[in-house]
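Residue-level structure breakdown
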Amino acid sequence: MRNIAKWRLRTRTLELGQRTLVMGVVNITLDSFSDGGFFLDSDKAIAHALGLLKEGADILDLGAESTRPGSRAGGAGALVSAEEEQARLLPVLGGILRAQPEAVLSVDTYKAGTARAALRAGAEIINDVSGLTWNPEIASVCAEFGAGVVLAHTRGRPEEWRTQPKLEPDELMGMVREGLAASVAAAQRSGVAMDRIVLDPGYGFGKRFEENYALLKRQEELLAVGRPLLAGLSRKSFLGHTLAPLFGGEHAPIADRENASLAALTAAILHGASIVRVHAVRPAVEAVRIADAILAER
């Protein structure tokens, strides 16, 4: 059962746990697994973002480098430099805030320079999918600006995710719990206050297909680390793998994973998530209402 908690951001505070917040994804990338290339044009990305806000998104998460499985993100050979990432990101961030100054914007990056530029431009949150492990300097930037921080659990780098050895459920949960606790400790050593942190179990980030279900079933255990949870399950490949028998034995296409995403989202909320990260906002807003109504009757 999730707890009521405050999440302090750069200029405001969000109440978590009273209702589930919906974070809408805006990918300004060529190669994101779900919608890469769709919104690389700044005007299209801004229009898409404003549409997600109109559909009910509480937060927008802007990303300009793909961290899909198999990509080279996070290492010295990363395909997107900090300069290119910022060139894609900052015009969109600025355009959204000119149109909707009160919008709560998160930036999905592990690069300290990009985090600094985004926070200066008006972002409230830095969403680091590496949990501070790929570029530890980003923690000091977040502390300097008083940003909200999402720390995700990641097992290795994207090019390694598909070859990770299988873990039993207890091993998996221990690894994720210890990894998130280590990320929290690193953030605090750099001056990030505990009430600025939200934790992400990292579905699909170095977890084998079936391991994601074990993680989802026991997700509530991660609340013991001490902060609210954000769940990003939308259109993930493990959902397509499970649906394969309905699609002739092949992974369900990304476009056909939306219903499965809503089912997983609902389970995540019932197992302790306070925020869900999604591509399709309107269906998620409806699913969230139902899940929250169930929680209200506990």
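Residues numbered from 1 in each chain as written. Predicted model: local features only at pLDDT ≥ 70, side-chain atom pairs only at ≥ 80, totals over all residues. Heavy atoms only, no water.

Side note on the pattern of salt bridges
Following the criterion strictly, the structure yields 19 salt bridges and no others. Put simply, Asp170, Arg177, Arg218 and Glu221 are held in one network by salt bridges that share partners. (Salt bridge = Lys/Arg side-chain N within 4 Å of Asp/Glu carboxyl O.)

Observations concerning the side chain of Arg155
Within the secondary structure layout, Arg155 lies in the loop between β7 (148-152) and α5 (169-189). At 3.4 Å, the side chain of Arg155 and the backbone oxygen of Gly206 are in polar contact. For Arg155, the residues in contact, after removing those within four places along its chain, are Trp161, Gln164, Pro165, Leu167, Met175, Phe205, Gly206 and Glu211. (Helix = DSSP H or I, 4+ residues; strand = E, 2+ residues; numbered from the N terminus. Polar contact = N/O pair within 3.5 Å; in protein donor to acceptor, adjacent residues only side chain to side chain. Contact = heavy atoms within 4.5 Å.)

Side note on the pairing of strand β5 (residues 105-108)
Residues Leu105 and Val107 of β5 are buried on one face, and the alternating residues Ser106 and Asp108, pointing to the opposite face, are buried as well. Looking at chain direction, strand β4 (residues 59-63) and β5 are connected through four bridges and run parallel. The residue of β5 that forms the bridge with Gly63 is Asp108. Examined bridge by bridge, β5 and strand β6 (residues 125-128) share three bridges and lie parallel to one another. Looking across to β6, one finds that Ser106 is bridged to Ile125. For the handedness criterion, the β-α-β arrangement of β5, helix α3 (residues 112-120) and β6 is classed as right-handed. (Buried < 20%, exposed > 50% of the residue type's maximum accessible area, 1.4 Å probe, protein only. Pairing = 2+ DSSP bridges. Right-handed = clockwise from strand over helix to strand, strands pointing away.)

Side note on the packing of α3 against helix α4 (residues 137-145)
At a minimum axis separation of 8 Å, α3 and α4 run at an interaxial angle of 15 degrees. Judged on the interaxial angle alone, α4 and α3 are roughly parallel. Here α3 runs over α4; the crossing is right-handed. Touching Ala112, Ala115, Arg116, Leu119 and Arg120 of α3 are Glu137, Ile138, Val141, Glu144 and Phe145, all from α4. (Axes fitted to C-alpha atoms, helices over the stretch in contact; angles between N-to-C directions. Parallel < 35°, antiparallel > 145°, perpendicular 65-115°, else oblique. Left-handed = near helix turned anticlockwise from the far one by under 90°.)

These results come straight from atomic positions and should not be treated as a statement about function.
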